[in-house]
Each structure stands twice: as structure tokens, then as C-alpha cells.
Amino acid sequence: MFIKNTIAAAWTISLAGAALAQVPAGYPADYQKIIDAAKKEAKVVIYGATDSKAAAPLIKDFSALYPGISVEYNDMNSTEVYNRFISEVAAGGNTADVMWSSSMDLQMRLASDGYALKYKSMEVSKIPGWAVWDDTAYGTTFEPAAIVYNKRLVDAKEVPQTHADFAKLIEQPKFKDKVTTYDIEKSGVGFMFMTQDAKENAQFSALENAFGVARVRVQSSTGTMMERISSGENLIGYNVLGSYALVRAKTDPSIGVVLPKDYTLIMSRVLFINKAAKNVNAAKLWTDYLLSHRGQTVVANGAKLFAIRADVTGETTSSDLIKQIGAANIKPIPVHPIILGYLAPAKRMAFLKQWKETAGKK
């Protein structure tokens, strides 16, 4: 049942006549206790910034693996995920068992502030070290920040291959009012990408000024940016989620995607279990499932979000992406409190002020 941005108990499978869930191969026998306790809870509540269409194959497969445990998936943008959780916790009401968001810095703020349960996933050894923090927060995907352009209206010779190329390109008159990126005041992932650019890009000030020359148009979602690029209302987009863009490009002849050759930022959707989770055992099952070979195979082939595990094959995997871009040019954003610097109020306000005075000028 789809209601606005909420999917509630979408794929509940009754216990009646269903096979009992088995302990996954390689897990200790006493994992059965977690499964049994999760069955009694019969539910897991997830707040996610992953589109419901992408999350659906994962929810369906999880429900097949653990019949009788319903999944209540609440689809919001990354800032809404954070704000709703914080307000509900403050009010002492019901909230998520699992937090799963593309805004890595907001997730790490919550985890490092003590809202996350320390739980060593059974799959932790298969996840890259940079994607795990303190057996508490886990990166689950391997998604690039991409440049997306309209193939009909941007000549092949114009297509930028680096961040410097992009900055020079959008200063041309042709691109005035035709460039889009995230609204970094409203989009958590957009703010995170841009602050990471400030760290990686020695010519970041030139990029900000180029956005100002182009009179950049900002949006709060990847979908809106791609629609406007596809229609020609905008010609090119910056820091668009590559996982969504690469999938769309396969069916939309207007969409072209560039993974910059100087460096490509890699975002990983961060998951943690609420320390006060009402359905804590079901939350543990979801965490282990999403990081498992089975779950990651669905991430790659069903959700198409780029699996983080190196041992997964399929349409969208970290291994294929690294081969395409080159290991030296991959810049994963670490699942670690080190990324929280720009969330400090004074530093955030200073960054936004600089952005408005340069990129935001009209």
C-alpha cells in the first residue's frame, strides 16, 4: 500500500503455512534466538531516504526470508529523516527502529551523539573498513556523485570530464539559467557532497563562482533534477546521485552521465539501529540482511544502488565502478565522525553564507 511518501507493511507474509526462517549459512546457531525474538516483535520500522521503488525489492526479499515480520518503510528526503527522528525522540513517542539515509553526516551525528545501538553485524568482515564505525554505523551502498547532462542539447565535445572542465563550461552564456544542483540548505546529501567537494577540490572557489555566473537552479531531489535535464529545461546537473542517473540513462536517450576523472565522490547510505528500538531484534535481522551477500545482490540487481561488497556481481557493483573510474580516482566519504566538521553551527552558517554570496548570486 503506497500512501504519499510512506509504505506501510507493504509485503507482510503470514506465518500460516510459511516455512520457518532458517539461520543463514555461516552464522552461529544461537542466531536463532534473534530470529525467534524478531518473529514475536513481528515488525520493523525503517525511516529511509531511499526511493520506495528502489527499496521495494529489498523489502520483498527480506519478507520472503523472514515470513511474519512486516516492514514499515517510511520514504522521506534525507533532512526529513533526521528531523522526524529527532522530534519524535524528543517527544517520547514511537519512532524508527532502523535509520537508513544517504545523508552520511546527519546519520553520523546521530550515531556519535548516542542514538545508535552498538551491534556487530554478522557481515562486518565483508564490508570495507571505511564503511564501518564502531560496530554501530554501516555503509550499505557505493554510489558516485555524477555530472548529468542532456545528450541532445550538449555537444559531445562540450561534455566535461573533470570538475575544472565543468566550472569552465557553465560560465559560457549557453548555460546561464540552465545548470542545476541540490539546494544545499534543504538537502542533507547535497550539503554533504558540496562540503566534501570543498575538501577535495583545490579550485572550489572557482566552481562556486562559476555557479554564480550560470545562475544555478537548485532542487531538493535527484528526480526533479533529472526530469529538468531530460526535458531540456536544464542542460546539465552537478553532484547528481549517480546510482539513479546511471539507471535512468539506460532507458532515457536524453540523459548522459559523467563520473569525473579527477576524482569521484562515493556516498554510502548509512544504516544504524535506534538504541531505543521497539523492535530491536527485527532491526538486527534487517541490518544483517542488507549487508549479507544475498541482500547486497538485491542491492545491485534489484534496487540498483551499487553494492558495497566486493564479492557481489551484477548490474551495479562497487567492483565494476572502481574498474570504470580507477581506484586512484575513487574518493569514498568515510562512515566516521570526521565528516561532521561542517555540521557545527558556525561552520555550517559560514559555508552557506559563502555559497549564497558566490554560487547563489543572481
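For the structure given in this document, a descriptive report is provided here.

Cut-offs applied
Residues numbered from 1 in each chain as written. Predicted model: local features only at pLDDT ≥ 70, side-chain atom pairs only at ≥ 80, totals over all residues. Heavy atoms only, no water. Helix = DSSP H or I, 4+ residues; strand = E, 2+ residues; numbered from the N terminus. Rg over C-alpha atoms; globule rule 2.2 N^0.38 Å. Buried < 20%, exposed > 50% of the residue type's maximum accessible area, 1.4 Å probe, protein only. Contact = heavy atoms within 4.5 Å. Areas by Shrake-Rupley, 256 points an atom, 1.4 Å probe, with all protein chains shown as cover. Lys, Arg positive; Asp, Glu negative; His and termini not counted. Charge placed at Lys NZ, Arg CZ, Asp CG, Glu CD. Core = buried A, V, L, I, M, F, W, Y, C linked by side-chain atoms within 4.5 Å. Salt bridge = Lys/Arg side-chain N within 4 Å of Asp/Glu carboxyl O. Polar contact = N/O pair within 3.5 Å; in protein donor to acceptor, adjacent residues only side chain to side chain.

## Here we look at the overall build of the chain
- Counting its secondary structure elements, the chain contains 13 helices and 15 strands.
- A compact globule built from 362 residues should have a C-alpha radius of gyration of about 21 Å, and the chain, at 21 Å, falls within 12% of that.
- Taking the principal axes of its C-alpha atoms as reference, the chain extends roughly 65 × 40 × 40 Å.
- Looking at the chain residue by residue over its 362 residues, the buried ones come to 55%.
- Residue pairs at least 24 apart in sequence account for 77% of intrachain contacts in the chain once pairs closer than 6 positions are excluded.
- Accessible area for the chain stands at about 14800 Å²; split by element, carbon and sulfur atoms hold 54% of it.
- Once the 42 positive and 35 negative side-chain charges of the chain are each reduced to a mean point, those two points are 2 Å apart.

## Brief notes about the nonpolar core
- Ranked by internal contacts, the top residues of the largest apolar core, which has 120 residues, are Phe193, Phe211 and Trp286.
- Among the elements that make up this core, the one with the highest residue count is helix 10 (residues 280-291) (7 residues).
- Beyond its immediate sequence surroundings of up to four residues, Phe211 is in contact with Phe166, Ile170, Val179, Met194, Val216, Tyr238, Trp355 and Ala359.

## Some details on the pattern of salt bridges
- For the coordinates displayed, the defined rule picks out 15 salt bridges.
- Here Asp61 ties to Arg294 by a salt bridge, and the two come within 2.8 Å at their closest N and O atoms. In this pair, Asp61 sits in helix 2 (residues 52-65) while Arg294 sits in helix 11 (residues 293-303), placing the two residues 233 residues apart along the sequence.
- Note on Asp61: relative accessible area 17%, which makes it buried.
- Residue Lys118 is joined to Asp134 by a salt bridge in which the shortest nitrogen-to-oxygen separation is 3.2 Å. Linking Lys118 in the loop between helix 4 (104-115) and strand 6 (132-133) with Asp134 in the loop between strand 6 and strand 7 (137-139), this pair joins segments that are 16 residues apart in sequence.
- Take Lys118: its relative accessible area is 54%, and that puts it in the exposed class.

## A closer look at helix 11
- Among the residues of helix 11, Gly295, Gln296, Val298, Val299, Ala300 and Ala303 are the ones counted as buried.
- Of the surrounding elements, those touching the buried residues of helix 11 are helix 2 and helix 10.
- A positive phi of about 55° marks Lys304, the residue just after helix 11.

## A closer look at unusual backbone geometry
- The phi dihedral of Asp135 is positive, around 50°, even though this residue is not glycine.
- As for its placement among the helices and strands, Asp135 is situated in the loop between strand 6 and strand 7.
- For Asp135, a relative accessible area of 22% corresponds to the partly exposed category.
- The phi dihedral of Asp177 is positive, around 65°, even though this residue is not glycine.
- You can see Asp177 is positioned in the loop between helix 5 (163-169) and strand 9 (179-182).
- We classify Asp177 as partly exposed; its relative accessible area is 21%.

## Remarks on the environment of Glu41
- Mapped onto the elements of the fold, Glu41 is located in helix 1 (residues 31-41).
- Glu41 sits 28 residues away from Ile69 along the chain, and the two C-alpha atoms are 7.6 Å apart.
- Beyond its immediate stretch of four places on either side in the chain, Glu41 contacts Lys278, Asn279, Val280, Asn281 and Ala282.
- Looking at Glu41, its side chain comes within polar contact range of the side chain of Asn281, at 3.0 Å.
- Among the polar contacts listed, one links the side chain of Glu41 to the backbone nitrogen of Ala282, at a separation of 2.9 Å.

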